[in-house]
Amino acid sequence: MTRPGQLHLNAFLMSVGHHEAAWRLPESDPYADLNVEHFKNLARIAERGKLDSLFLADVPVIFDQVGRRPSGILEPTVLLTALAGATQHIGLIATASTTYNEPYNLARRFASLDIVSGGRAGWNIVTTAGLDSARNFNLDALPTHRDRYERAAEFVDVSVKLWDSWDDDAIVADKETGVWGDQDRIYPPAHQGRYYSVAGALNLPRSAQGRPVLVQAGSSENGRNFAAKYAEAVFTAHQTLSDAQAFYDDLKRRAAEHGRDPDHVKILPGIVPLIGATESEARELEAELERLIRPEYALTQLADLLGVDPGELSLDAPLPANLPEEEQIEGAKSRRTLIVNLGRREGLTVRELIGRLGGGRGHLTFAGTPVQVADKLEHWYESGAADGFNIMAPVLPSGLAAFVDQVVPILQERGRFRTEYTGHTLREHYALPRPANTNTATRPPALLR
Ligand SMILES: Cc1cc2nc3c(=O)[nH]c(=O)nc-3n(C[C@H](O)[C@H](O)[C@H](O)COP(=O)(O)O)c2cc1C
């Protein structure tokens, strides 16, 4: 083994699969996005594979044109609370926006999920890229990229103050003396910042893992700086091994510059595995899904992402030469660059590009046998491109079941993945330390009990 150790695996769940046409397959239930039993089944499959965690994306808006694919999005912390009751071990990561929430409400929601699940919660911190979302929250324009990330930083600072506002031993529960909690061990944030003002302590104590695991998923300059300072796991999208390696090195270096242990930032690129008994069977599934795409929907979305009018893109021509540069994009910057590079590097027409994005919206898609998929994951891990992966099954539940039952055993046999859960909390699964309470840590020693 050129690099020892084990992978971390996260199941990124999305209605009946990540492929935009998955719902049109005969096996798929087009109403599954609203069915809690569907998600419980997926969570149990992921837990059967001993995966570290499962993850739900979120935007506070109808994600896409409703014609295109199942568009109901249950609020993730609510859905994960139901999944907490259906599972025992697996970590539960929900996305929530720092641009369209208030710290007290959101910190409380995540603290609740963390306590209800026995310390298995994670928060995928996003700043929310679209104008449509802004318009649902009293705004006429999208706040600038820089502004969104500055707000996010303060939001997380306040959230940590709230999660740490009780000492771990603040609950005394002394029936003899009649004292339940020790007021001296409660630390109201008294936060007065540029964006937020939060006076009082959270109405919940710390959880089994101290506080939820912080996850981040944006790879622009602002996104990387934010991740380097705060994130304990990073979801990212790369088309090539060399891009993934460069990102990995860059983020680990930035984390070290913030005085952090780079090992405490787990980097998880996404992969859409199309698994078949033979390579040609896997390619047939890929081709069948591609045939079911209606490109007119994808064209509108692609134009939006690239910052052009849909009329400027033509299905059977390559991307236009004069596209706005990443600096001019206020939405999802790194995804724009990934897509433009993919189209140009491989000389794809817009129709071909849409086909390539149909499975994972820019995440790597890979069609192969279980051994080939396992080889790919191991190769990226050994090449210093990843600490693990975001597994984005193209079709659910069948694609997740195929991964868990056919790929995971190969990784286990090679010593690359756990055969049993050894910890209880999400932090333990990801080999992250339980953070000390920032209030206790900064109190003068004389005041420490
Ligand atoms: C795996 C993954 C999952 C994401 N999930 C969400 C999400 O649920 N909601 C959201 O608004 N953005 C989501 N994003 C987008 C990022 O938060 C970010 O907006 C986007 O990657 C562009 O970031 P950048 O402008 O820093 O490059 C996700 C990105 C990745 C890589």
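In the annotation of an unreviewed UniProt entry, the protein chain is listed under the name Monooxygenase and assigned to Actinoplanes campanulatus. Here the protein chain is described in UniProt, under the heading Sequence similarities (unreviewed entry), as follows: "Belongs to the NtaA/SnaA/DszA monooxygenase family."

Asks: Looking at this structure, I do not really get the packing of helix α6 (residues 221-230) against helix α7 (residues 241-257). What am I missing?
Replies: Angle between the axes and distance between the axes are the two parameters that describe a pair of packed helices. It is the contact of α6 with α7, at a shortest axis distance of 8 Å, that shows an interaxial angle of 50°. Compared by their axis directions, α6 and α7 come out oblique. You can see that α6 and α7 cross each other, and the crossing is right-handed. Taking contact as the criterion, the partners of E221, R224, N225, A227 and A228 in α6 are, on α7, F247, D250, L251, R254 and A255. Looking at the contact of α6 with α7, its residues break down into five nonpolar, one polar and four charged.

Asks: Just to check I follow, could you spell out the side chain of S159 for this structure?
Replies: When you line up the elements, S159 lands in helix α5 (residues 145-163). Judged by relative accessible area, S159 falls into the buried class, the value being 0%. Apart from the residues within four sequence positions on either side, S159 is in contact with P103, A107 and W123.

Asks: Is there a simple way to explain the site of the ligand in this structure?
Replies: Near the ligand, the surroundings consist of 23 residues, among which D58, H145, A217, S220 and S334 are the closest. For the ligand, an oxygen atom lies 2.7 Å from a polar atom in the side chain of H145. The separation between an oxygen atom of the ligand and a polar side-chain atom of S220 is 2.6 Å. At the level of secondary structure, the elements contributing two or more residues to the shell around the ligand comprise β4 (121-126), α5, β10 (233-236) and α10 (333-345). At three residues, the largest contribution of residues to the shell around the ligand is made by α10. Grouping the constituent residues of the shell around the ligand by class yields eight nonpolar, twelve polar and three charged.

Rules used throughout
Residues numbered from 1 in each chain as written. Predicted model: local features only at pLDDT ≥ 70, side-chain atom pairs only at ≥ 80, totals over all residues. Heavy atoms only, no water. UniProt positions renumbered as here; feature names shortened; annotations may be inferred. Axes fitted to C-alpha atoms, helices over the stretch in contact; angles between N-to-C directions. Helix = DSSP H or I, 4+ residues; strand = E, 2+ residues; numbered from the N terminus. Parallel < 35°, antiparallel > 145°, perpendicular 65-115°, else oblique. Left-handed = near helix turned anticlockwise from the far one by under 90°. Contact = heavy atoms within 4.5 Å. Nonpolar A, V, L, I, M, F, W, Y, C, P; charged D, E, K, R; others polar. Buried < 20%, exposed > 50% of the residue type's maximum accessible area, 1.4 Å probe, protein only. Near = heavy atom within 4 Å. Polar contact = N/O pair within 3.5 Å; in protein donor to acceptor, adjacent residues only side chain to side chain.

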